[in-house]
Amino acid sequence: MHDLSFFRANLDAIARRLAGRGFTLNVEEIRELDQRRRAAVTETETLKAQRNAASGEISNLRKQGVDTAAEQQKVREIGGRVAALDGQVKELDEQFREMLAGIPNVPHETVPAGSTPEDNVEVRRWGQPRPFDFEPKAHWDLGPELGILDFERAAKITGARFAVYWDMGAKLERALINFMLDVHTREHGYTEVLPPFMINSASLFGTGQLPKFADDLFKCERYDFWLAPTAEVPVTNLFRDETLDADRLPVKLCAYTPCFRSEAGSYGKDVRGIIRQHQFQKVELVKFTRPEQSYDELEKLTADAEDILKRLELPFRTVALCTGDLGFSSAKTYDIEVWLPGLNGYKEISSCSNFEAFQARRASIRCKSARGRSEFAHTLNGSGLAVGRTWLAIVENYQQKDGSVVVPAALRPYLNAEVLAKRDT
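Rules of the game
Residues numbered from 1 in each chain as written. Predicted model: local features only at pLDDT ≥ 70, side-chain atom pairs only at ≥ 80, totals over all residues. Heavy atoms only, no water. Phe/Tyr/Trp six-rings, centres within 6.5 Å; stacked < 30°, edge-to-face > 60°. Helix = DSSP H or I, 4+ residues; strand = E, 2+ residues; numbered from the N terminus. Buried < 20%, exposed > 50% of the residue type's maximum accessible area, 1.4 Å probe, protein only. Axes fitted to C-alpha atoms, helices over the stretch in contact; angles between N-to-C directions. Parallel < 35°, antiparallel > 145°, perpendicular 65-115°, else oblique. Left-handed = near helix turned anticlockwise from the far one by under 90°. Contact = heavy atoms within 4.5 Å. Nonpolar A, V, L, I, M, F, W, Y, C, P; charged D, E, K, R; others polar. Pairing = 2+ DSSP bridges.

(A) Spatial organisation of the packing of aromatic side chains. Per the stated rule, a full pass over the model turns up 10 aromatic pairs. Plain terms: the ring middles of F239 and F288 are 5.0 Å apart, the flat faces sit at 85° to each other, and that makes the pair edge-to-face. Here F239 is found in the loop between α9 (232-236) and β7 (242-245), whereas its partner F288 is found in strand β9 (residues 279-289), with 49 residues between them in sequence. Just as F239 is buried, F288 falls in that class too.

Given below as structure tokens:
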């Protein structure tokens, strides 16, 4: 959400910056709405001054024994008009808030200009894709052949875009969750939380999924409950309507949750395997910071997510998203993309974003310093990492000619195994 006063005062500049991300701001509509509001406020103030003056005159006339019935009727008429104008201002303010709720965040000045993912800018690369002396398989073939991934039974239970993990496949998923949480809490300084996996509409509005992206979510019938699309939503809303101690920021939290997404509009895209599922697991990193420290913290958060891939020895690259590829609430985002031999290319495994005060203003998350200064906090988050995509990256990058998969050294203490071999299901 944007600051209303700043928005009105900088309308043209904001419109130009939003145009860079492909959003057309209806400047004339906003100005017309603002003019109507200003006119109503001005008239209200004038009428209130007239009412006060008339009330004073009535008091004087009464002291003189003069009949004031006519004057009192005029005051009542003024009061009725003031009430109507107050209602009009309230209605216009609500229209402004609804309009602002549908306007995306303004890109930070360091975000590269562009309109498509092809305009994203690579900022660094780590590791080299492994050279294979055989034709590597994609995980959607390798997993079922190993007996650790089952799409047919998942479709029978639920439908398309779900998976069943068997035996070492399930254990690998659980090992990755524990490994990520351990690294982030023990070495990166995050506090682990386990939030509800169902959330209300107010939480989704706070982080920016509602009202614009309702079609991407799963709603529970008869209740104001939604299935969480990411731990970003419940964890960010832990502090909704609260004021944090600015001198104790940043607050760094991490959480494991299953995530549920309808993937509306993505049909035909990444439909094979577990790249794009309706249900998947994720470890999320969330930060609450002072405004002046948020971009330094974005770099640190991104490095924390990258560290997981380094420990697993999975090649990756990090790209800065261009203005046209930013998410609705983000002011700046880095995508971390892992190398997948099955696709012969890089695929996003984490998005690390700074939302500045956009989410905090929607969710009313403030911070207050010892000097008493209160302002909206900045919020950040990023996957640390998407567990399913890490799972498939390991299976594809560590596959052997005989169809087995070597377990990365960092995960062996969690799995008590060095190799994933074929099993019957």
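(B) Molecular detail of the packing of helix α3 (residues 27-63) against helix α4 (residues 69-101). Packing of α3 against α4 brings their axes to within 8 Å, and their N-to-C directions diverge by 155°. Taken together, the axes of α3 and α4 lie roughly antiparallel to each other. Judged by the sense of rotation from one axis to the other, the crossing of α3 with α4 is left-handed.

(C) View of the packing of helix α7 (residues 168-186) against helix α10 (residues 294-311). For the pair α7 and α10, the least separation of the axes is 11 Å and the interaxial angle reads 125°. The angle between α7 and α10 places the two elements in the oblique class. Classified by chirality, the crossing of α10 by α7 is right-handed. Together, F179, M180, V183 and H184 of α7 and D304, D307, I308 and R311 of α10 make up the contact between the two elements. Residues of the contact of α7 with α10, tallied by class, amount to four nonpolar, one polar and three charged.

(D) Layout of the pairing of β9. Here β9 lies mainly inside the structure; 10 of its 11 residues are buried. With seven bridges joining them, β9 and strand β15 (residues 378-386) adopt antiparallel strand pairing. In the sheet register, K282 faces β15, and the bridge partner there is A386.

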